[in-house]
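Below are the chains, spelled out letter by letter.
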Amino acid sequence: MVSVSGFKGRDVISILDFTRSDLEELFELADYIRVKGVKGKPLEGRIAALAFFEPSTRTRLSFESAMKRAGGDTIGFTSEEAISIAKGESYTDTIRMLDSYSDVIVVRHRYDGAAKLAAEIAENPVINAGDGKQHHPTQAMLDIYTIKVLEGEVDGLTIGVLGDLKYGRAATSFILALTHYKPKQVYLISPPQLRTRKEVIEEVKNKGLKHKEVENLEDVIEELDILYVTRIQKERIPDPEEYEKLKGSYRVTLEMIERKAKKNLKILHPLPKVDEIDPRIDTTQHATYYTQAKLGIPLRTALLIKILT
């Protein structure tokens, strides 16, 4: 397998901490694992602490599967109620405890900056599996890798990002990841209340990513090679009334896709999806979100091997 020295011992907090060269190096190893499997047991004797203070299915299980496929093991929890935080233990003490029990900590938390704080406390590497509305770097790595597998390249594509671009950390990280590449055009498609946050737009502008904010998917769908869809997340929107107004504000229908989209349009989604994608699309050639989820295993296996060996 390829050399993994460049990532050794490294925290994974934001996708902006990595360069295009870093990502391409990671994808090279992920490709090897996807095609040939893991060579030997490179993570034998290593333990990952899966510190999921918020619910998760795909991210948590893919990290667990990745660790075990490479010969390692996992410990962890999936809610605050299951650990001593429920008894009043501080977050910092919990991280210190996990740091002493494991070789890497994978942390998901509802508060912005929680992963960065964990990295400042822990001696071992910390991987951000989602912190508040800010970052979800391994999802962004997976999203870019999926496009590379499906299309061969990210450069030159027209990409739409649809949904909650204000609170959605997966969408935010994906948009920031695109600044490492040169797509032909990126459309940021959302209701006015869920537009991309100012600091993200500033980063996009500083990096020279060609982008445009629009409200209506139908206005741009004919141009798209990739459509990245996110759900409106009730757990991220602070005002319940705002959520009720927004929850049904967009939906990708089969009729729209058949009438206007390119035949080779690929639809991605970080999952879980609720009602923002017509279920009839699931069985079409456009639905590549299940492939996307599957690719999380070789991608995260590669990342863990790189960090721990």
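As a reminder, the structure under discussion sits directly above these lines.
Predicted model only: the values in this text are computed from it and were never measured.

Chemist: Hey, could you run me through the overall build of the protein in this one?
Modeler: When helices and strands are tallied, the protein shows eleven helices and nine strands. For a compact globule of 309 residues, the expected C-alpha radius of gyration is about 19 Å, and the protein comes in at 19 Å, within 12% of that figure. Oriented by its inertia axes, the alpha-carbon framework of the protein measures out at about 55 × 45 × 40 Å. Nonlocal contacts in the protein, meaning residues at least 24 apart in sequence, comprise 74% of its contacts between residues at least 6 apart. Accessible area for the protein stands at about 13400 Å²; split by element, carbon and sulfur atoms hold 46% of it. Averaged over its 46 positive side-chain charges, the protein has a centre that lies 3 Å from the centre of its 47 negative ones.

Chemist: Which parts of the structure should I look at to understand the pairing of strand 1 (residues 47-52)?
Modeler: Two faces belong to every sheet, and in a regular strand the side chains alternate between them. With five of six residues buried, strand 1 lies mostly within the body of the structure. Sheet topology note: the strand 1/strand 2 (residues 73-77) ladder contains five bridges and is parallel. For Ala-48, the partnering residue across the bridge sits in strand 2 and is Thr-74. For the crossover that starts at strand 1, traverses helix 2 (residues 58-69) and ends in the parallel strand 2, the hand is right-handed. Alignment of strand 1 against strand 3 (residues 104-109), held across five bridges, turns out to be parallel. Paired with Ala-49 across the strands is Ile-105, a residue of strand 3.

Chemist: Is there a simple way to think about the environment of Gly-130 in this case?
Modeler: Topologically, Gly-130 is positioned in strand 4 (residues 126-131). Each C-alpha atom of the pair Gly-130 and Lys-306 lies 20 Å from the other, and the pair is 176 residues apart in sequence. Those residues in contact with Gly-130 that sit more than four places away from it in its chain are Val-107, Arg-108, His-109, His-135, His-136 and Arg-169.

Chemist: How should the sheet that holds strand 3 be read in this particular structure?
Modeler: Backbone hydrogen bonds are what pair the strands of a sheet, in a parallel or an antiparallel way. With respect to topology, four strands assemble into an open sheet ordered 2-1-3-4, the strand pairing being parallel. The sheet is open, and its two edges are formed by strand 2 and strand 4, each paired on a single side. Across the sheet, the axes of successive neighbouring strands diverge by a mean angle of 15°, strand direction being ignored. The sheet contacts of helix 2 involve strand 1, strand 2, strand 3 and strand 4, and relative to strand 1 the element is tilted by about 175°.

Chemist: Explain the packing of helix 6 (residues 169-178) against helix 7 (residues 198-206) here, please?
Modeler: For any two helices packed against each other, one specifies the crossing angle of their axes together with the interaxial distance. One way to put it is that helix 6 packs onto helix 7 with a least axis distance of 9 Å and a crossing angle of 15°. Taken together, the axis directions place helix 6 and helix 7 in an arrangement best described as roughly parallel. When you trace helix 6 past helix 7, the crossing you get is left-handed. Packed against helix 6, whose contacting residues are Thr-172, Ile-175 and Leu-176, the element helix 7 presents Val-200, Glu-203 and Val-204 at the interface. Among the residues making up the contact of helix 6 with helix 7, the classes are represented as four nonpolar, one polar and one charged.

Chemist: Quick question: what am I supposed to make of the side chain of Asp-131 here?
Modeler: The topology assignment puts Asp-131 in strand 4. The side chain of Asp-131 sits in the buried core without any salt bridge; Arg-169 is the nearest counter-charge, 6.0 Å away. Look past the residues within four positions of Asp-131 in its chain and what remains in contact with it is His-109, Tyr-111, Asp-112, Gly-113, Ala-114, Ala-115 and Arg-169.

Chemist: What's the story with the pattern of salt bridges in this structure? I'm lost.
Modeler: If charged atoms from side chains of opposite charge come close, those side chains can pair. The final tally for this structure, using the stated rule, is 22 salt bridges. Lys-68 is the partner of Glu-64 in a salt bridge, and the nearest nitrogen-oxygen pair spans 3.0 Å. Here Glu-64 and its partner Lys-68 are both found in helix 2, four residues apart, which amounts to about one turn of the helix. The salt bridge involving Glu-218 is made with Arg-259; its shortest N-O contact spans 2.8 Å. Of this pair, Glu-218 sits in the loop between strand 7 (211-214) and strand 8 (226-229) while Arg-259 sits in helix 9 (residues 254-260), placing them 41 residues apart in sequence. On the basis of relative accessibility, which here comes to 54%, the residue Arg-259 falls in the exposed class.

The rules behind the values
- Residues numbered from 1 in each chain as written.
- Predicted model: local features only at pLDDT ≥ 70, side-chain atom pairs only at ≥ 80, totals over all residues.
- Heavy atoms only, no water.
- Helix = DSSP H or I, 4+ residues; strand = E, 2+ residues; numbered from the N terminus.
- Rg over C-alpha atoms; globule rule 2.2 N^0.38 Å.
- Contact = heavy atoms within 4.5 Å.
- Areas by Shrake-Rupley, 256 points an atom, 1.4 Å probe, with all protein chains shown as cover.
- Lys, Arg positive; Asp, Glu negative; His and termini not counted.
- Charge placed at Lys NZ, Arg CZ, Asp CG, Glu CD.
- Buried < 20%, exposed > 50% of the residue type's maximum accessible area, 1.4 Å probe, protein only.
- Pairing = 2+ DSSP bridges.
- Right-handed = clockwise from strand over helix to strand, strands pointing away.
- Axes fitted to C-alpha atoms, helices over the stretch in contact; angles between N-to-C directions.
- Parallel < 35°, antiparallel > 145°, perpendicular 65-115°, else oblique.
- Left-handed = near helix turned anticlockwise from the far one by under 90°.
- Nonpolar A, V, L, I, M, F, W, Y, C, P; charged D, E, K, R; others polar.
- Salt bridge = Lys/Arg side-chain N within 4 Å of Asp/Glu carboxyl O.

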